[in-house]
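The residues making up each chain are set out below.
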Amino acid sequence: MSLFAPFEFTTLMQPWILSGLVGVFLLLAAEVTARAPGTLIVSTGEALAGAPGRRRALIRRAPAVLRALGLSLLLVAAARPIKGLQARKDRANVVDIMLCVDVSESMRAEDFLAGGQRVDRLDVTKMVVRDFIASRKDKPEDRYGLDRVGLVLYGSYAWTQCPLTLDYGVLERELDLARIAENSAKSQRTAIGSAVGLAVSRLRKSEAESKVIILLTDGQNNSGELGPTTAAQLAKEYGIRIYTIGVGSRDGSMGTPGGLFGWMTRSAAPVDEEALKEIAAIADGKYYRATDTASLAGAYAEISQLEATEIEIGDYYEHEEGFVPYAIMGALFLLASVFSRRLWFEPIP
């Protein structure tokens, strides 16, 4: 990062204040070219006494120059520099979305392909979810999104990895941290009902026009006290729509690293498609089956389009205040001016 990066700004909100720089430079010129009558300036420091003639002249003018720099920087700070000024469209019907991602042991199965390489179900899910998050932004380079999105992870129980937020930088970081706990009871079972219930509790008080849960799993509900259909009925009561996605091979087989040739296939509980269809039907959503990377990406892309209705009601501007570095440096230069004058000079009338 550049040394001057903190001092970069997009525009000044009060540029007229910079007219005060004229007075600062006139004051500087008057001080370095004139001396008050009846006053003798005597050096009280050895640095000035031992300095060559040209250097003595520079040191003599240093307090005035430092003070001018300090006042100039304070004027720039007062002119209110701001960074990243961008126009944004305000929307009337925002969407709140909770992403529920299965991190049980079976999500370690490597039956997906990405870039010609085998990847496990969780890794390809994280890749596709990142694309989904990016699709909710106004511009790809933006950190903040159009709608609030949160993340629930679940295995034997469910927990909130990231609450609803517009800060997609935080959301993406929490998604990257999603892991399957090795040799832990936390990942041995699948609490689908608990995940839906937790997502409902996060959304039920939302005032968004549309409230959505996107549930992804590769197994069957076999943990937790709340049943999936009961959780779906709760979601319907609060006006929350649920989209469900079943991932993995249709025959229930799952490839995992190991064996003589570095790969082995074993059977696993297949996706409970009937339960996922029922959850989606109860909560006015839709069920998707994803057996490869393309179909998984297509599911999230279609959901993003279905929940993309927006009504623009006005403009607002997003920015970051940039006056602090100028104010700090201005104050430091003024202090340096005072201390240099005290260090090197003492006026004697």
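Scroll up for the structure.
Residues numbered from 1 in each chain as written. Predicted model: local features only at pLDDT ≥ 70, side-chain atom pairs only at ≥ 80, totals over all residues. Heavy atoms only, no water.

Colleague: Before we go on, may I ask you to explain the overall build of the chain in this structure?
Modeller: A tally of regular secondary structure across the chain gives ten helices and 15 strands. Looking at the chain residue by residue over its 349 residues, the buried ones come to 41%. When contacts within the chain are restricted to residue pairs at least 6 apart in sequence, long-range pairs at least 24 apart make up 79% of them. Of the roughly 18400 Å² that the chain leaves accessible, carbon and sulfur atoms contribute 57%. (Helix = DSSP H or I, 4+ residues; strand = E, 2+ residues; numbered from the N terminus. Buried < 20%, exposed > 50% of the residue type's maximum accessible area, 1.4 Å probe, protein only. Contact = heavy atoms within 4.5 Å. Areas by Shrake-Rupley, 256 points an atom, 1.4 Å probe, with all protein chains shown as cover.)

Colleague: Teacher, can you tell me more about the nonpolar core here?
Modeller: Of all hydrophobic cores here, the largest spans 36 residues; its most connected members are Leu 99, Ile 214, Ile 245, Leu 296 and Tyr 300. Counting residues per element, this core draws most heavily on helix α4 (residues 121-135), which supplies six residues. With residues up to four places along the chain from it excluded, the contact list for Leu 99 reads Val 129, Phe 132, Val 149, Gly 150, Leu 151, Val 152, Ile 214 and Tyr 300. Judged by nonpolar contacts, the second largest core, of 26 residues, contains Ile 192, Leu 215, Ile 242 and Leu 276. (Core = buried A, V, L, I, M, F, W, Y, C linked by side-chain atoms within 4.5 Å.)

Colleague: Help me understand the pattern of salt bridges, please; the structure alone is not making it clear to me.
Modeller: This model, assessed by the stated rule, comprises 13 salt bridges. Across the salt bridge formed by Arg 130 and Asp 176, the nearest N and O atoms sit 2.8 Å from each other. Taken together, the residues Arg 130 in helix α4 and Asp 176 in helix α5 (residues 168-176) connect sequence positions 46 residues apart. When the shortest N-O distance is used, the salt bridge between Glu 307 and Arg 241 registers 2.9 Å. (Salt bridge = Lys/Arg side-chain N within 4 Å of Asp/Glu carboxyl O.)

Colleague: Looking at this model, I keep getting lost on unusual backbone geometry. Mind explaining?
Modeller: Of all residues except glycine, most have a negative phi; of all peptide bonds, most are trans. The phi dihedral of Arg 80 is positive, around 60°, even though this residue is not glycine. Inspection of the secondary structure assignment puts Arg 80 in the loop between α3 (53-78) and β3 (81-91). A residue is classified by how much of its surface remains accessible, and Arg 80, at 31% relative accessible area, is partly exposed. Positive phi outside glycine occurs at Asn 183, with the angle close to 50°.

Colleague: Explain the environment of Ala 30 to me, please; I cannot follow it from the model alone.
Modeller: Position of Ala 30 among the secondary structure elements: in helix α1 (residues 20-33). According to the relative accessible area criterion, Ala 30 is partly exposed, its value standing at 42%.

Colleague: Where do I start with α4 in this structure?
Modeller: An α-helix turns once every 3.6 residues. As a result, residues three or four positions apart point the same way. With 15 residues, α4 extends 21 Å between its outermost C-alpha atoms, agreeing within 8% with the 21 Å of an ideal straight helix rising 1.5 Å per residue. For α4, the full list of buried residues reads Arg 121, Leu 122, Val 124, Thr 125, Lys 126, Val 128, Val 129, Phe 132 and Ile 133. Taking the backbone nitrogen of Leu 122 as reference, a side-chain oxygen 3.1 Å away marks Asp 120 as the first, capping residue of α4. (Expected span 1.5 Å × (residues − 1). Polar contact = N/O pair within 3.5 Å; in protein donor to acceptor, adjacent residues only side chain to side chain.)

Colleague: So what exactly am I meant to see when it comes to the packing of helix α7 (residues 228-237) against helix α8 (residues 273-282) here?
Modeller: Between two packed helices, the angle of one axis relative to the other and the distance separating the axes together describe the packing. As a packed pair, α7 and α8 sit with axes 8 Å apart at the nearest point and diverge in direction by 15°. When the axes of α7 and α8 are compared, the pair comes out roughly parallel. Crossing of α7 over α8 shows right-handed handedness. Contacts between α7 and α8 involve Pro 228, Thr 229, Ala 232, Gln 233 and Lys 236 from the former and Glu 278, Ile 279 and Ile 282 from the latter. When its residues are assigned to classes, the contact of α7 with α8 shows four nonpolar, two polar and two charged. (Axes fitted to C-alpha atoms, helices over the stretch in contact; angles between N-to-C directions. Parallel < 35°, antiparallel > 145°, perpendicular 65-115°, else oblique. Left-handed = near helix turned anticlockwise from the far one by under 90°. Nonpolar A, V, L, I, M, F, W, Y, C, P; charged D, E, K, R; others polar.)

Colleague: For this particular structure, what's the right way to read the sheet that holds strand β13 (residues 286-290)?
Modeller: Spatial ordering of the open sheet is given by β8-β7-β4-β9-β10-β13, a layout of six strands whose pairing is mixed. Every other strand in the sheet has two partners, leaving β8 (158-167) and β13 as the edge strands with one partner each. Looking at each pair of strands side by side, their axes are set apart by 15° on average, direction ignored. In the sheet, strand β4 (residues 95-102) pairs with strand β9 (residues 210-217) via seven bridges, with the strands oriented parallel. Within the sheet, the bridge partner assigned to Val 95 lies in β9 and is Ser 210. Contacts from helix α9 (residues 293-306) reach β4, β9, β10 (240-247) and β13, with the element oriented near 155° to β13. (Pairing = 2+ DSSP bridges.)

Colleague: When you look at the pairing of β13 in this model, what are you seeing that I'm missing?
Modeller: Put simply, side chains in a regular strand alternate between the two faces of the sheet. Counting buried residues along β13, four of its five residues qualify, which places the element largely inside the surrounding structure. Alignment of β10 against β13, held across five bridges, turns out to be parallel. In the sheet register, Val 247 faces β13, and the bridge partner there is Ala 290.

Colleague: Looking at this structure, I do not really get the packing of α4 against α5. What am I missing?
Modeller: At a minimum axis separation of 11 Å, α4 and α5 run at an interaxial angle of 175°. Between α4 and α5, the angle falls in the class roughly antiparallel. Contacts from Lys 126, Val 129, Arg 130 and Ile 133 of α4 reach α5 at Tyr 168, Leu 171, Glu 172, Leu 175 and Asp 176. Classifying every residue of the contact of α4 with α5 by side-chain character gives five nonpolar, no polar and four charged.

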